[in-house]
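Structure assessment
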Amino acid sequence: MDEPRALLASVFGFDEFRPGQEEVVAAVTAGRNTLAIMPTGGGKSLCYQLPALCRAGVTVVISPLIALMRDQVRALSEAGVVAGALTSGNTEAETEAVFAALDAGTLKLLYMAPERLASAGTERLLRRAGVSLIAVDEAHCVSQWGHDFRPDYLRIGALRAALGVPLAAFTATADEETRAEIVARLFAGEAPVTFLRGFDRPNIHLAFEPKNKPRDQIMAFAAARKGQSGIVYCGTRAKTESLAAALASAGHPACHYHAGMEPEARRGVEERFQREDGLIVVATVAFGMGIDKPDIRWVAHADLPKSIEAYYQEIGRAGRDGAPAETLTLYGADDIRYRRTQIDEGLAPPERKSADHGRLNALLGLAEALACRRVALLGYFGEAAEPCGNCDLCARPPETYDGSVAVQKALSAILRTGESFGAGHLIDILVGNATDKVRARGHDQLPTFGVGQDLDKRAWQGVFRQMMGHDLVRPDPERHGALRMTEAARPILRGEADIQLRRNVITRAARPAAKALVSEEDAPLLAALKARRRALAEAQRVPAYVIFPDRTLIEMAEARPDTLDAMARVSGVGAKKLERYGATFLEVIRGEAPEIPHPARRKLAGGAGAEVYDRLVETQARLERGETGLEKPLSCSAALLARVAEARPTEPGALTRLLGERRADRFGPAFLDVLREA
Ligand code: ADP
Ligand code: ZN
């Protein structure tokens, strides 16, 4: 069957299927009941969109994400496919257009929110429309155990039975229980053809760091990626707010998101993130399902996630477009204590609790790994892999030492004090620090007192953190987090097993710079292509990636096609998009494009601020290297100049508050001349 392949190129502009897509497309196109488990970013949508085009009749797509549906409909329309959505967010005109296309028999894909299935007329509507395939996105929403449960998903099984058409279900959630529930509820227990695609996301860089002034660590990570869209996950709502404020005052566009916010405010953040280039959202895990942005360039965890599955899902939101993306996960002993307590104090039955401890252990094992993180991560999902060369440990293997004796000493301190104390007190005993508490309990008389003077306090903290990470000790929820030894520690205590520990690395002052998406030589062209894309996206009020994903622009910047034919060979440039945008992007590549004003400048256009802005730009260009022309170059961002042009301060104090000391020194007097004249 070569039809899907031909459409892959002509409609979607892709030369090749992503791994796993082709088999799924073939099964779905052939009308078989299908369950495909593919990682986020694996390209699930294509696996039902392409069959929908190959098959007669309408494919109805059920998805819980209204914003996503609307974007997909737009993206499909851009590619020349007739698609529509019936959601609560529709305007009357949109709904009418959908019905008109249905009546005309031209509609190929009909997106529908699950709530719609509850209304009486829906089945009749779909029957009349000639639905020949049901595609279910985020199929794990039928699972009553998952936190994404959507009761209306339970109606899908009945709909399939009533229409008597094949069903294709898609999800990124792989665990057995969820899979079994999907089969039971969507396919009435009759096993569909199942595809389980690999979990590797090779474009995502993996890194962990022990917490050491965690706020500074996050700020530095964000600063090195300024202008790129990112998510910072935090353990608490309060922290999302304070960290977002800190990022904003450091000059990043940033906002917070958590479940305690009004639904409207939450939707506002989701929409802004979807549309805007370079926004940072600082969020709790509540920020997840509603986002489907392919060009998220980084994800940071300010606190440790709750399990290895949660970690995988959260970092997996980065780099869905396949272009390089980076992640950083911070963790410390407090995180481990917090996560353990959370499990112990939860309401789940005992088996579930012990499974949850296991999932947390797997994540901690990854955090304390001694070699390639990807090998450890994929190993957990049952996949073998070679060292990846794209994680912090591949780049810089950790220094390790035989920690058996240190661990024995620590365990001995724990046992001799009746497993009743936390790490702080135990470390005081080990290093021989006779605090009041130590003396009051007579712990300065223990044989363990002072036996750990070969290591300093910080090193011991590292030992305890790693002991918790290897699950050798656990905080006891009933005794305020006092550490208890686990069975796993016994062989080490008895000297029957060794343990390698990582040496503390002092976090380097010089942070690793973000990896550039393209070489230095291509960077200006990529920036110009992005500017053109932004202008087009703003004019059409769609997210930038609906025009072209980052990956396509990167390829354009590198390949520099100089004809429409060459342009058509760039991945992501289908026939329709070539027709619509080919020429305009060619102009940019050939360097013929008129300069596109910065959006901050465009907002001022027509107003009095516009002229002031332009004069400020001229003035700043003249003074870029100071009055003498010999100083270090300095400039103000377009957004900052726009703010000055708008506020038009005429007093030095007010201007300095806007510009900051350094820029006020360089530009203040000349800017004031411009502003006072205006
Ligand atoms: P998910 O599996 O997370 O739903 P999507 O369907 O949103 O993933 O696809 C993720 C990104 O991959 C999109 O930007 C899509 O255009 C791109 N993509 C999908 N299939 C291919 C392909 N065969 N070649 C190149 N890019 C693709
Ligand atoms: Zn690696």
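Residues numbered from 1 in each chain as written. Chains lettered and ligands numbered in written order. Predicted model: local features only at pLDDT ≥ 70, side-chain atom pairs only at ≥ 80, totals over all residues. Heavy atoms only, no water.

Considerations on the domain arrangement of the protein chain
When its domains are assigned, the protein chain resolves into domain 1 (2–196), domain 2 (204–331 + 369–395), domain 3 (400–502), domain 4 (523–595) and domain 5 (608–677). Using C-alpha coordinates to define each centre, domain 2 is positioned 28 Å away from domain 4. Taken together, the 11 residues of domain 2 in the interface contact 8 residues of domain 4. Both sides together, the interface formed by domain 2 and domain 4 hides about 810 Å², and carbon and sulfur atoms give 52% of it. Counting the surface domain 2 buries against domain 4, the share from its top three residues, Arg 275, Asp 277 and Asp 321, is 47%. (Domains from an automatic or database assignment. Contact = heavy atoms within 4.5 Å. Buried area = accessible area lost by both parts, 1.4 Å probe.)

Some points on the packing of helix α28 (residues 608–622) against helix α29 (residues 638–647)
Running from N to C, α28 and α29 cross one another at 130 degrees; their axes reach a closest spacing of 9 Å. In terms of their interaxial angle, α28 and α29 are classed as oblique. As for how α28 packs across α29, the hand of that crossing is right-handed. In this structure, α28 uses Gly 609, Val 612, Tyr 613, Leu 616, Val 617 and Gln 620 to contact α29, whose residues at the interface are Ala 638, Leu 641, Ala 642, Val 644 and Ala 645. (Axes fitted to C-alpha atoms, helices over the stretch in contact; angles between N-to-C directions. Helix = DSSP H or I, 4+ residues; strand = E, 2+ residues; numbered from the N terminus. Parallel < 35°, antiparallel > 145°, perpendicular 65-115°, else oblique. Left-handed = near helix turned anticlockwise from the far one by under 90°.)

Things to note about the coordination of the zinc ion (ligand 2)
Every protein donor of the zinc ion (ligand 2) is accounted for by Cys 372 (SG), Cys 388 (SG), Cys 391 (SG) and Cys 394 (SG), and the metal-donor separations fall at 2.3 to 2.4 Å. Coordination geometry of the zinc ion (ligand 2): the 4 donor atoms subtend angles of 100 to 119 degrees at the metal centre, consistent with an arrangement described as tetrahedral. On the primary sequence, the residues serving as donors to the zinc ion (ligand 2) are separated as C-x15-C-x2-C-x2-C. Remark: Cys 388 occurs in the loop between α15 (373–380) and α16 (392–395) and Cys 372 occurs in the loop between α14 (350–367) and α15; sequence separation between them is 16 residues. The exposure class of Cys 372 is buried, given its relative accessible area of 7%. (Donors = N, O, S within 2.8 Å, 3.2 Å for Na, K, Ca; no water. Tetrahedral: all angles 85-135°; square planar, octahedral: opposite > 155°, others 65-115°. Buried < 20%, exposed > 50% of the residue type's maximum accessible area, 1.4 Å probe, protein only.)

Quick word on unusual backbone geometry
With phi around 50 degrees, Glu 138 is a residue other than glycine that occupies positive phi space. Inspection of the secondary structure puts Glu 138 in the loop between β5 (131–136) and α7 (156–163). Glu 138 sits in the buried class, given a relative accessible area of 17%. One non-glycine residue, Glu 419, adopts positive backbone phi at about 50 degrees. Classification of Glu 419 by relative accessible area gives buried; the value is 16%.

Here's the deal with the nonpolar core
Core analysis: the biggest nonpolar cluster contains 85 residues, and Ile 134, Leu 186, Val 407, Trp 460 and Phe 464 have the highest contact counts within it. With residues near it in sequence (within four places) discarded, Phe 464 still touches Ala 410, Ile 414, Ala 423, Leu 426, Ile 427, Leu 430 and Leu 483. Val 11, Tyr 48, Ala 79 and Ala 113 belong to the second-largest nonpolar core, a separate cluster that totals 34 residues. (Core = buried A, V, L, I, M, F, W, Y, C linked by side-chain atoms within 4.5 Å.)

Thoughts on helix α2 (residues 21–29)
Taken together, the buried positions of α2 are Gln 21, Val 24, Val 25, Ala 27, Val 28 and Thr 29. For α2, the secondary structure elements touched by its buried residues are α1 (3–12), β1 (34–37), α3 (44–54), β5, β6 (167–171) and β7 (193–196). Positioned one or two residues after α2, Gly 31 has a phi angle of 80 degrees, which is positive.

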